[in-house]
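# Structural features, examined
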Amino acid sequence: MTDMKHNLTCRQSLAGAFQSLSDEAVKAGWSEGDVALALAELAEERVIEITARVIMEGSIHPQLVAAGGRSG
């Protein structure tokens, strides 16, 4: 089971690449707001895809349910 510490470690390992991706998009002419929104939407879509796959497999992780429940 994934715990909060494990999630934080994963987030920390992705932070640099995430920032680089964001910086490159801004350099390409997109506003920081547009980039942040696009990245959030892509992340939400990914959570939905993974959640659907897990549901199809018959077991769902509580954190994915919580993440899906927050979508607007």
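Structure: above.
Residues numbered from 1 in each chain as written. Predicted model: local features only at pLDDT ≥ 70, side-chain atom pairs only at ≥ 80, totals over all residues. Heavy atoms only, no water.

## Brief notes about helix α1 (residues 4-27)
Here α1 spans 33 Å end to end across 24 residues, near enough to the 34 Å set by a 1.5 Å rise per residue. Bending of α1 peaks at approximately 40° at the position of A15. Looking one or two residues past α1, G29 carries a phi angle of roughly 115°, positive in sign. (Helix = DSSP H or I, 4+ residues; strand = E, 2+ residues; numbered from the N terminus. Expected span 1.5 Å × (residues − 1). Bend = angle between axes of the 7 residues up to and from the residue.)

## Remarks on the pattern of salt bridges
Scanning all chains against the criterion turns up two salt bridges. E24 is the partner of K27 in a salt bridge, and the nearest nitrogen-oxygen pair spans 3.6 Å. With K27 and E24 both in helix α1 and three residues apart, the pair spans about one turn of that helix. Residue classification places K27 among the exposed positions, given a relative accessible area of 66%. (Salt bridge = Lys/Arg side-chain N within 4 Å of Asp/Glu carboxyl O. Buried < 20%, exposed > 50% of the residue type's maximum accessible area, 1.4 Å probe, protein only.)

## Things to note about the environment of V35
In this fold, V35 is placed in helix α2 (residues 32-57). Taking the C-alpha atoms as reference points, V35 and L21, separated by 14 residues in sequence, lie 9.2 Å from one another. Not counting the four nearest positions on each side in its chain, V35 is found in contact with S22, A25, V26 and W30. (Contact = heavy atoms within 4.5 Å.)

## Some points on α2
Residues separated by three or four positions in an α-helix point in the same direction, a consequence of the helix having 3.6 residues per turn. An ideal rise of 1.5 Å per residue puts 38 Å on 26 residues; α2 measures up with 37 Å between its terminal C-alpha atoms. Of all the positions in α2, only V35, L39, T51 and V54 are classed as buried. Looking at the residues trailing α2, positive phi occurs at G58, about 95°.

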